[in-house]
Amino acid sequence: MTLDTGSGRAGLADTAATRTIVTGDRTGPHRHVGDRGEQRIAWTFLAPFLAAFLLFLVWPLLHGLYLSFTDQSLTGAGGSFIGIANYVEALGDPVMWRSLGNTAWFTVLSTVPLVVLALVMALLVQRGLPGQWLWRLSFFMPYLLASTVISQIWVWIFNPQIGAANGILEAFGLEPIAWLQNPDTNMLAIVVATVWWTIGFNFLLYLAALQNIPETQYEAASIDGAGEWRKLFSITIPQLGQVTVLIVILQVLASLKLFDQAYQMLGGIASETTRSIVQYIYESGFVGYRFGYSAAISYVFFAVIVLIGVIQALATRRRKEHS
């Protein structure tokens, strides 16, 4: 008896091909070779970015953590491992806690107007102010300026002799104020300058969110007899909930990094009411030459930021669950 082996092989090949087409089974050797080639190409493209990530983020993070456990000096002296001595000193340092308090106070003072005023500005532009392009440009333009430019502008405005701020006070019959020299007003002056400088970014986020609200919702509300205030609190503000959470998170993180404008507006002079935690880290490392101690303070500050981020994430998740 003769077996038709050629037909059998052809039948098996047809069956395998059919199974590949129907089930998507591509586990043959050629497919494995293709997968490895695609992976090599992918890693080739990722390699430069991965190298930059490791070099400029992971390595400084690990090296800074190591320095926080040493007595390394900016002059190159020291470098001996001293354990958690820097952290113990930092946690008992009243200047560090006062700096953290100043940073938290600035964050509270700046975040509220940067959210509320940005929303008001976006609503005014969205509702059809004449010359909208000019309003959008004027609201956003300060955000494009460098911190040094902003600082100089507001140093002139708050100048005790020729500044516009005291000119306004005198127009109302009030006594002039040394805004940046007075410990009772210097933090407020920095907050005002920061709000004017950075509010344009939040304004654009709110304006984009407002333009995404369907106009049909307002038309339906008008048919039901709802007025403008009713539409605002029943349609607009609820629809802006997610972007408001985003703006608050971004603003809190940005305000916690206070340094540039405060340092420049006060001429680098450390004030007990305006010294931020970032400025204290700078002073400890580059003025006091204590690299190890400044690294320990920075990681304490990092822990505070992580804690705030976790609290915000939990609050956001709870809000979504209730909604």
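Residue numbers restart at each chain and count upward from 1, following the sequence in its written direction. Where totals are concerned, whole chains, interfaces and linings use all residues; where local detail is concerned, this predicted model gives features only for residues with pLDDT of at least 70, and gives and counts side-chain atom pairs only at 80 or more. To obtain the side-chain values, all non-hydrogen atoms of the structure were used and water was disregarded.

Below, the discussion takes up the overall build of the chain. Helix and strand definitions follow DSSP, with helices as H or I runs of at least four residues and strands as E runs of at least two, each counted in order from the N terminus. The helix and strand inventory of the chain stands at 14 helices and zero strands. Going from the N terminus to the C terminus, the chain shows its helices and strands as α-α-α-α-α-α-α-α-α-α-α-α-α-α. Note on exposure labels: buried denotes an accessible area under 20% of the residue type's maximum, exposed denotes more than 50%, and partly exposed covers the range between, all computed with a 1.4 Å probe on protein chains only. Classification of the 323 residues of the chain by burial places 32% in the buried group. Residue pairs at least 24 apart in sequence account for 64% of intrachain contacts in the chain once pairs closer than 6 positions are excluded. For every accessible area listed, the method is Shrake-Rupley and the probe measures 1.4 Å; residues are considered covered only by the protein chains on display. Carbon and sulfur atoms provide 68% of the accessible area of the chain, an area that totals close to 20,000 Å². Throughout, a residue-residue contact means that at least one pair of heavy atoms, one from each residue, lies within 4.5 Å.

What follows concerns the layout of surface pockets. Taken as a whole, the largest pocket holds about 380 Å³ of empty space. The way it works is a 1 Å grid over only the protein atoms, where trapped points that fit a 1.4 Å probe form a cavity and open points with protein on both sides within 12 Å along at least five of seven lines form a pocket, and then any residue with an atom within 4 Å of a point lines it. Looking at the largest pocket, it is lined by 17 residues, and the ones nearest its centre are Pro60, Gly64, Ala295, Ser298 and Tyr299. Every element with two or more residues in the lining of the largest pocket is listed here: helix 2 (29–67), helix 13 (277–287) and helix 14 (291–322). No other element matches the eight residues that helix 14 contributes to the lining of the largest pocket. Residues are sorted three ways: Asp, Glu, Lys and Arg are charged, Ala, Val, Leu, Ile, Met, Phe, Trp, Tyr, Cys and Pro are nonpolar, and all the rest, Gly among them, are polar. Taken together, the residues of the lining of the largest pocket break down into 12 nonpolar, five polar and no charged. Lining the second largest pocket are 17 residues; nearest its centre among them are Tyr143, Thr198, Gln251, Ala254 and Ser255. Grid points are joined across faces, edges and corners, and a volume is the space filled by probe spheres set on the points.

With that out of the way, let us pick up the pattern of salt bridges. By definition here, a salt bridge exists when the distance from a side-chain nitrogen of Lys or Arg to a carboxyl oxygen of Asp or Glu is within 4 Å. On inspection of all chains with the given rule, the structure shows five salt bridges. Ionic pairing is found between Glu89 and Arg290, a salt bridge with its closest N-O pair at 2.9 Å. In this pair, Glu89 sits in helix 3 (residues 85–91) while Arg290 sits in the loop between helix 13 and helix 14, placing the two residues 201 residues apart along the sequence. Where Glu272 meets Arg275, a salt bridge forms, and the shortest distance between an N and an O atom there is 3.4 Å. Given the relative accessible area of 10%, Arg275 is considered buried.

Another aspect to go through is the side chain of Lys231. You can see Lys231 is positioned in helix 10 (residues 228–239). Residue classification places Lys231 among the buried positions, given a relative accessible area of 8%. When near neighbours in sequence (up to four residues on either side) are disregarded, Lys231 contacts Tyr218, Ala221, Ser222, Ala226 and Thr236.

In the predicted model, the chain carries a mean pLDDT of 86, and 89% of its residues have values of at least 70. Scored from 0 to 100, pLDDT records how confident the predictor is in each individual residue. Averaged pLDDT values over the elements of the chain bottom out at 47 in helix 1 (residues 5–23) and peak at 95 in helix 3. Note that pLDDT drops below 50 for residues 1–13; the model gives that stretch zero contacts with residues more than four away or on any other chain. Here residues 16–26 is a poorly scored stretch, pLDDT under 50, and it has five contacts once near neighbours within four places are set aside; other chains count.

We now examine the packing of helix 11 (residues 241–256) against helix 14. Between two packed helices, both the angle of their axes relative to each other and the distance between the axes serve to describe the pair. As a rule, the C-alpha atoms of each element are fitted with a line to give its axis, helices using only the stretch in contact, and angles between N-to-C directions run from 0 to 180 degrees. For the pair helix 11 and helix 14, interaxial distance at closest approach is 11 Å and the crossing angle is 170 degrees. Overall, the two elements helix 11 and helix 14 adopt an arrangement that is roughly antiparallel. In this structure, helix 11 uses Gly241, Val245, Val248, Ile249, Val252, Leu253 and Leu256 to contact helix 14, whose residues at the interface are Phe301, Ile305, Ile308, Gln312, Thr316 and Arg319. For the contact of helix 11 with helix 14, a count of residues per class yields nine nonpolar, three polar and one charged. An angle below 35 degrees is treated as roughly parallel, one above 145 as roughly antiparallel, one from 65 to 115 as roughly perpendicular, and anything else as oblique.

This paragraph deals with the nonpolar core. Grouping buried Ala, Val, Leu, Ile, Met, Phe, Trp, Tyr and Cys residues that are joined through side-chain atoms within 4.5 Å yields what is termed a nonpolar core. Membership of the largest hydrophobic core comes to 42 residues, with the highest contact counts inside it found for Phe158, Ile190, Phe203, Tyr206, Leu240 and Met265. Secondary-structure elements contributing two or more residues to this core are helix 4 (94–126), helix 6 (147–157), helix 7 (164–171), helix 8 (186–211), helix 9 (215–223), helix 10, helix 11 and helix 12 (260–265). At 13 residues, helix 8 tops the list of elements feeding residues into this core.

So, on to the packing of aromatic side chains. Within 6.5 Å between ring centres, the rings of Phe, Tyr and Trp (the latter by its six-membered ring) count as paired, and their orientation is classed by plane angle as stacked under 30 degrees, edge-to-face over 60, tilted in between. Summed over all chains, the structure comprises 16 aromatic pairs. Taking the centre distance of 5.2 Å and the plane angle of 25 degrees together, the rings of Phe259 and Tyr263 count as stacked. Consider the rings of Tyr299 and Phe302, whose centres lie 6.4 Å apart with planes at 70 degrees: the pair is edge-to-face. Highlighted residues: Tyr299 and Phe302, both in helix 14, separated by three residues, approximately one helical turn. Grouping aromatic residues by their ring pairs yields a cluster made of Phe259, Tyr263, Tyr282, Phe286 and Phe291.

We now examine helix 8. Take the number of residues in a helix, subtract one, and multiply by 1.5 Å to get its expected span. Between its first and last C-alpha, helix 8 extends 38 Å over 26 residues, near the 38 Å set by a 1.5 Å rise per residue. The sharpest bend along helix 8 measures roughly 45 degrees and falls at Thr198. Fitting axes to the seven residues ending at a residue and to the seven starting there, one defines the bend at that residue as the angle between these axes.

Attention now goes to the side chain of Ser294. Note that Ser294 resides in helix 14. Its relative accessible area of 7% is what places Ser294 among the buried residues.

This paragraph deals with a nonpolar patch on the surface. Without a salt bridge and with relative accessible area above 30%, a residue can belong to a patch; like charges are then joined within 9 Å and nonpolar side chains (Val, Leu, Ile, Met, Phe, Trp, Tyr) within 5 Å. Residues Trp133, Leu134, Leu137, Met141, Tyr143, Leu144, Phe201, Leu246 and Leu250 make up a contiguous nonpolar surface patch of about 870 Å² in total accessible area. For the nonpolar patch, the secondary-structure elements that each account for two or more residues are helix 5 (132–140) and helix 11. When residues in the nonpolar patch are grouped by element, the largest group, three residues, is from helix 5. Along the chain, Leu246 turns up in helix 11.

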